[in-house]
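Listed here are the chains, written in short residue letters.
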Amino acid sequence: MTQATQPTPSSAARTPYHVTLNQIECCNCNHGCNCQFGGFPDHGNCEFVLGFEITGGQFGAVPLAGVRMAAVCLYPKAIHEGNGRVVLFVDERARPEQVEAVAKIMSGQHGGMPWEALAATITSFTGPVVRPIEMKVDGTRSSFRVPGAVEVVQTPIRDSVSGQEKEVHIVYPKGGFMWNDGSICTTSTMSVDYDGIRFHHEGRYACFAPTKWANQ
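Calculation rules
- Residues numbered from 1 in each chain as written.
- Predicted model: local features only at pLDDT ≥ 70, side-chain atom pairs only at ≥ 80, totals over all residues.
- Heavy atoms only, no water.
- Helix = DSSP H or I, 4+ residues; strand = E, 2+ residues; numbered from the N terminus.
- 1 Å grid on protein atoms, 1.4 Å probe; cavity = no way out; pocket = protein on both sides within 12 Å on 5 of 7 lines; lining within 4 Å.
- Points joined across faces, edges and corners; volume = space filled by probe spheres on them.
- Nonpolar A, V, L, I, M, F, W, Y, C, P; charged D, E, K, R; others polar.

1. Quick word on unusual backbone geometry
1) Next: The step from M113 to P114 runs through a cis peptide bond, and the omega angle for that step is 5 degrees.
2) Next: Among the structural elements, P114 can be located in the loop between α1 (96-106) and α2 (115-119).
3) Next: With omega at 5 degrees, the peptide bond leading from G127 into P128 counts as cis.
4) Next: For P128, the position within the fold is in strand β7 (residues 122-131).

Set out below in structure tokens:
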């Protein structure tokens, strides 16, 4: 389905949820991603892809462990300036009630950060698009693929002099928007071609991070 952002139910009508998950992200910014510091993307617009593997938790009575998703996001300027377009893919192995649950979470319909805040910046939300999602969760060597639509491969950053891998973190001691401690890496592949959204970036910002979502 394709829809604009849906109204958020009142607190009393929200289904409680909490999940833990691994987040695989990449964007068209340079390695530091100025959005983390100055709030604006390095190249004017924002093109990014997020992959998720839920490791535990539930939406109401629906268990979500094992569900995989991918979100393609396109913004003409900074995220907070709005007019975002988002396509949500959910792995075909998820049960129908799980697909519905993660779509409700990621469209911001039942509150909780970060999706409640992001929902206000989205003009077009497409999904859930149920497709096979191939995913390898391996720190800064993680990858995921939606055949025929999305492919992301992360690789560690290497020292320009020694050629050795470098461990670099961005840490929010008081809590970040998407995660608290991100392991920064780069992309050897970042490609999207779906429903008129096309971009390709490599050697740009990427991050692997464990994180949590909840609306309570």
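2. Observations concerning empty space enclosed by the protein
1) Next: Scanning the entire structure with this criterion turns up one cavity of 30 Å³ or more.
2) Next: As for the largest cavity, its lining consists of F48, L50, C73, Y75, V86, W115, L118 and I122.
3) Next: Among the elements of the structure, β3 (46-59), β5 (68-75) and α2 are those that each provide at least two residues to the lining of the largest cavity.
4) Next: In terms of residue class, the lining of the largest cavity is made up of eight nonpolar, no polar and no charged.

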